[in-house]
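# Observations on chain architecture
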Amino acid sequence: AIGRGEFNLEKKDFLKTLVALLWKGVDGSLSQVEDTVLSNVISAYYHAYFWQDPQPGRPDKLDFDSFYVFSIDRIADIREKERIPFDLDEYRYVLRKFHTGGEFGTILNEATDQSLFSEPFIVYEIDAIKENKTIFPIVTLSIMDVFLQKMRHRQDRRKALIVEEAWKAIASPMMAGYLLYLYKTVRKFWGEVIVVTQELGDILGNAVVKDSIVNNSDTVFLLDQSKFRDNFDAIAKLLSINETERRKIFTINQLDNREGRGRFKEVYGRRGSVGEVYGVEVSLPQYLAFTTEKPEKRAVETYVARHGSYPAALDAFIADLRSSGLSLPAFVAKVNST
């Protein structure tokens, strides 16, 4: 369901990609005829609703149910009139599971949370569905559409989309064009796209990722690459890393430069063709707020339960740590044992 002013070429392309995803799956693709038919049907559906088309079959509301019924009738008319090949039986059968009463009948028929457009910071936690081949790509595509609408219409602020470990959904031929469009468009609207991965194969083994992401990324950050030393040639070739830059990268966390300094990790950052290695050093409260080490998180959460908030808990935790005279690992172990 969208407003009349939202129906533009960008939204139409998104909806066509969505319907194609429902029909063909994440690894499928549309033929030229199928692509043209879906474009015509989507245009006709919204034209019939917004411009009060008097023809029979005009939808009385915008949801997937009404589109499903409208599209089947319109495709049948197009196929008969134009005498073109289109597997309407397959289309009807596969998409029926998204109609009310079907296996996924609620996904595309319920109203969207309208507050998403005005929220300044949104986190989508999609771990619970990342193995679902049907729902995961639909949700991911919908998230990207929310960002595109915010990118285009929220013109008074900088926008950023951070994609972390969502490769299974975006690394498909059907998503490639959409992703590439996002990359090329976002800069015009004071926005940026950031992608994060921990797996080498995510980048090297997928042409979609290489062509759509790597070639359009001006800034690259690499963490410790020592475990990839033996097969770094492939990474170096992909990211156009010369021998001088490679030597810098393999100094990450390897130099004897920690004397008299707080806890820090190093990272290689490159903008253009030349990069440097930087030490990222944060305060103890920052470290404890964002640590992913389970024992440290448990110890901090013990203090949160006692003091009622993270700021108060961190203040008390650090005060007790310093008065104890113990190292952080020893203090964490003591907290967790009591």
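Described below are features of the structure shown in this document. Within any chain, residue numbers begin from 1 and follow the written order of that chain's sequence. Confidence filtering applies because this is a predicted model: local features only for residues at pLDDT of at least 70, side-chain atom pairs given and counted only at 80 or more, and all residues used for totals across whole chains, interfaces and linings. Side-chain measures were taken over the full set of non-hydrogen atoms in the model, leaving aside hydrogen atoms and water.

### Re the pattern of salt bridges
We count a salt bridge whenever a side-chain nitrogen from Lys or Arg sits within 4 Å of a carboxyl oxygen from Asp or Glu. As enumerated under the stated definition, the model contains 13 salt bridges in all. With a shortest N-O distance of 2.6 Å, Arg 152 and Glu 10 are connected by a salt bridge. Note that Arg 152 is positioned in helix α5 (residues 135-153) and Glu 10 in helix α1 (residues 9-24), a separation of 142 residues in sequence. One salt bridge connects Asp 218 with Arg 187, and the closest N-O pair in it is separated by 3.6 Å. Of the two residues, Asp 218 is situated in the loop between α9 (207-212) and β3 (219-222) and Arg 187 in the loop between α7 (173-186) and β2 (191-196); the sequence distance between them amounts to 31 residues. Salt bridges sharing common partners tie together Asp 233, Glu 243 and Arg 246. Runs of H or I in DSSP of at least four residues are treated as helices and runs of E of at least two as strands, each being numbered from the N terminus.

### A look at the packing of aromatic side chains
Working definition: rings of Phe, Tyr and Trp (its six-membered ring) pair if their centres are within 6.5 Å, and the pair is stacked with planes under 30 degrees apart, edge-to-face with planes over 60 apart, and tilted otherwise. Summed over all chains, the structure comprises 18 aromatic pairs. With centroids separated by 6.0 Å and ring planes inclined at 85°, the aromatic side chains of Phe 50 and Trp 51 adopt a geometry described as edge-to-face. Measuring from centroid to centroid gives 6.3 Å for Phe 64 and Phe 98, while their planes differ by 75°, and the two rings are edge-to-face. You can see Phe 64 sitting in helix α3 (residues 64-82) and its partner Phe 98 sitting in the loop between α4 (88-95) and α5, a full 34 residues away along the chain. For each residue, the accessible area found with a 1.4 Å probe, counting protein chains only, is set against the maximum for its type, and the residue is called buried under 20%, exposed over 50%, and partly exposed in between. Among the residues examined, Phe 64 registers a relative accessible area of 7% and is labelled buried. Given a relative accessible area of 1%, Phe 98 falls into the buried group. Lysine NZ or arginine CZ positioned within 6 Å of the ring centre and within 35 degrees of the ring normal marks a charge as sitting over the ring. One cation-aromatic arrangement involves Lys 24 over Trp 23; the distance from NZ or CZ to the ring centre is 4.2 Å. Residue placement shows Arg 306 over the ring face of Tyr 303; its charged tip is 5.1 Å from the ring centre.

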